Amino acid sequence: MFARIWRYYNHPYRRWLLPVSVGVGVYFYLLWGQYHPLARLLAGPASWGLQAVVDWMLGAVFYLPLWKFLWWTAVFWGMVAFWLFFFAQFALPVQTLEERRAIFVRLLYYIAGWHGPAIFIQDGQKIESKAERRRRGPGVIVLDSASAAVLQTEGGFTRAVGPGVVFTTSGETAHDGATVDLRKRSASLGPQGEQDPFAPRRPDESDEQYARRMERRWETSAKTRDGTEVVPRLVVVFALDKHPDGLSEEAWKAGRFRTRFFGHKVSVWRAVTHRPVDAAKAALGMGKTPDDRLLRWDWLPARLAVDVWREYLQRFRLTTLFQISPDGTPMLDFIAAAIRERLTQPQYRELGLDGQRTGEVLPSREYALLQERGIRVIAVALPTIFLPPEVENELVARWTANWLVRARKERELVEQRRNLAKKQGEQEAAETWARIIAEEACAPDDHASPAACLDRLLAALSRAVQRDPALYLAHRSEFDALEMLWAWVHNRRIESEASPLEEEGAEDA
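Residues numbered from 1 in each chain as written. Predicted model: local features only at pLDDT ≥ 70, side-chain atom pairs only at ≥ 80, totals over all residues. Heavy atoms only, no water.

### Concerning the sheet that holds strand β5 (residues 156-161)
Then step 1. In space, the three strands of this open sheet follow the order β5-β4-β7, with antiparallel pairing throughout. Two strands in the sheet have a free side with no partner beyond their single neighbour: β5 and β7 (179-181). Taken over all neighbouring pairs, the strand axes of this sheet differ in orientation by 20° on average, direction set aside.
Then step 2. Here strand β4 (residues 147-153) runs beside β7; their pairing, made up of three bridges, is antiparallel. The residue bridging A149 from the neighbouring strand is T179, located in β7.
Then step 3. Across the sheet, helix α10 (residues 265-273) is in contact with β4, β5 and β7; its angle to β5 comes to roughly 145°. (Pairing = 2+ DSSP bridges. Helix = DSSP H or I, 4+ residues; strand = E, 2+ residues; numbered from the N terminus. Axes fitted to C-alpha atoms, helices over the stretch in contact; angles between N-to-C directions. Contact = heavy atoms within 4.5 Å.)

### Here we look at the pairing of strand β10 (residues 229-240)
Then step 1. β10 sits mainly inside the fold: 10 of its 12 residues count as buried.
Then step 2. As defined by bridge partners, strand β8 (residues 185-189) adjoins β10 across five bridges and the pair is classed as antiparallel. Residue pairing in the sheet places S188 in a bridge with V235 of β10.
Then step 3. Between the antiparallel neighbours strand β9 (residues 222-223) and β10 lie five residues, among them G227 with a positive phi of about 85°. (Buried < 20%, exposed > 50% of the residue type's maximum accessible area, 1.4 Å probe, protein only.)

### Considering empty space enclosed by the protein
Then step 1. If you walk through the whole model with that rule in mind, you get one cavity of 30 Å³ or more.
Then step 2. Estimated volume of the largest cavity: approximately 30 Å³.
Then step 3. Taken together, A271, H274, R275, P276, R296, W297, W299 and R373 make up the full set of residues lining the largest cavity.
Then step 4. In terms of residue class, the lining of the largest cavity is made up of four nonpolar, one polar and three charged. (1 Å grid on protein atoms, 1.4 Å probe; cavity = no way out; pocket = protein on both sides within 12 Å on 5 of 7 lines; lining within 4 Å. Points joined across faces, edges and corners; volume = space filled by probe spheres on them. Nonpolar A, V, L, I, M, F, W, Y, C, P; charged D, E, K, R; others polar.)

### Quick look at the packing of aromatic side chains
Then step 1. Taken as a whole, this structure holds 10 aromatic pairs when the rule is applied.
Then step 2. Centre to centre, the rings of F82 and F86 are 6.4 Å apart; their planes meet at 20°, and the pair counts as stacked. Highlighted residues: F82 and F86, both in helix α5 (residues 64-88), separated by four residues, approximately one helical turn.
Then step 3. On the basis of relative accessibility, which here comes to 45%, the residue F82 falls in the partly exposed class.
Then step 4. Overall, the relative accessible area of 32% leaves F86 in the partly exposed class.
Then step 5. When the centroid spacing of 5.1 Å and the interplanar angle of 85° are considered together, the rings of F86 and F87 count as edge-to-face.
Then step 6. Three or more aromatic residues link up through ring pairs in this structure, and these residues are F82, W83, F86, F87 and F90.
Then step 7. The aromatic ring of F262 is capped on one face by K242, whose charged end is 5.7 Å from the ring centroid.
Then step 8. A cation over a ring is seen here: R342 above Y348, with NZ or CZ 4.5 Å from the ring centre. (Phe/Tyr/Trp six-rings, centres within 6.5 Å; stacked < 30°, edge-to-face > 60°. Lys NZ or Arg CZ within 6 Å of the ring centre and 35° of its normal.)

### Considering the pattern of salt bridges
Then step 1. One pass over the full model with this rule turns up 23 salt bridges.
Then step 2. Between R225 and D354 there is a salt bridge, with its nearest N and O atoms 3.1 Å apart. Of the two residues, R225 sits in the loop between β9 and β10 while D354 sits in the loop between β11 (347-351) and β12 (357-363), which places them 129 residues apart along the sequence.
Then step 3. Residues participating in the shared-partner salt-bridge network are D181, R183, R185, R296 and D298. (Salt bridge = Lys/Arg side-chain N within 4 Å of Asp/Glu carboxyl O.)

### Considerations on the packing of helix α12 (residues 300-313) against helix α13 (residues 331-344)
Then step 1. In contact at an axis separation of 10 Å, α12 and α13 are set at 125° when each is read in the N-to-C sense. As the angle between them shows, α12 and α13 are arranged oblique. Classified by chirality, the crossing of α13 by α12 is right-handed. Along the contact surface, α12 presents P301, L304, A305, V308, W309, E311 and Y312, while α13 presents I335, A338, I339, R342 and L343.
Then step 2. Considering only residue class, the contact of α12 with α13 consists of 10 nonpolar, no polar and two charged. (Parallel < 35°, antiparallel > 145°, perpendicular 65-115°, else oblique. Left-handed = near helix turned anticlockwise from the far one by under 90°.)

### Here we look at the nonpolar core
Most often, soluble globular proteins have nonpolar side chains that are buried together.
Then step 1. Counting 53 residues, the largest nonpolar core has V268, W309 and I339 as the members making the most contacts within it.
Then step 2. Of all the elements, α12 adds the most residues to this core, at nine residues.
Then step 3. The contacts of V268, once residues within four sequence positions are left out, are A148, A149, V150, A160, V180, L182, L240 and F257. (Core = buried A, V, L, I, M, F, W, Y, C linked by side-chain atoms within 4.5 Å.)

Now the structure itself:
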């Protein structure tokens, strides 16, 4: 029997009952033995006559040990409350007086056993025990600087919270799907690593591996205008929006997160509350709760980028994908920039056939969808593409046969650019020469002598060369000759101006 009682009290959830039970037993023993100041009050009158009852009441009221006991009891519980309030503020990183009061109240709830869940969210992942998950009282949530969440009750979503300490009300908590990571995220669709989506099935490849490889192929597969299948690896970098559209300055300041990461309370609310239902899970009845049947908040950007990729690729022929775009960049980089413009701007410039701009500016529906979900796309890239083996072999054969023609065309293009740069340089040099003559050498209304004009002109040229280090290093010998010429002209000018003065002095003498 004693072993059973010990096992009962030795349970981790009931160990505190042992000292409490012992204390309560000692307390009642003191009352029973009349060793306690309350013993006289609880003993009652000697008889139930009026005089005996009055004597008992007066004796209890004016019993000095009883008042001393009540005084020290009040002092004891007052000190307990004071030190609980004092040390409670060091349990969590609270700052304001309201937060200190809230953590003190939660500590009292914890002592009484009425507290709610204590949850820690790190990098968007919730950390809690099963016992904490079942509690429904007022609780606390601690979020690191890279985490945010949307709280909810059984009736629905309540509010969005960010990094720091958050005090929850009864029944309020953060479910697994309602926590978000505030750092930049990247999503990659299409073949991964060295996977070749067009390669036949290998003997050592299992059914699951082959199905997964084919699934990744169809994630980004698209066809060109001439019907060739192209499978790229598409990478999208995005994050929660720091500056959501449609907010006033006051609303933005009230909801911003004081962290070096991304996000805003409005963005977190939009991202969590706009999660769509996963049709596959709903059809199969998967998921224990309704939240388990919802897609993650970060599923949309990469899918939108793939849709735009397929739309644009239908306007290009296969050969144009390996040419230079109208903007002077590789065509794949040009398409990636066009996709990024479509996802990051409220309006975008429409593309025509083979990447030619049509001049139309259209509203971006993809940007509006991302704003509804509080997401901002940062970058889009097409690091590599895969082609069917027969198409790739044909392209290699064609390039091998026409390499000399392409080399001559590239040489002509380089010569054209060189001549254009030369003409532009000559034009800039002529403009600089004209400005020096007009502004620094001799103005039209200046009556200086030709020697003075030449002196100013050479000095201005010397200063212009000194201001351009690249020009000075490339023509250092010419600059030294220019300095010598300027010194000679300057000395001759001084001598010519000094000769008339000497002649006038001689005549005066």
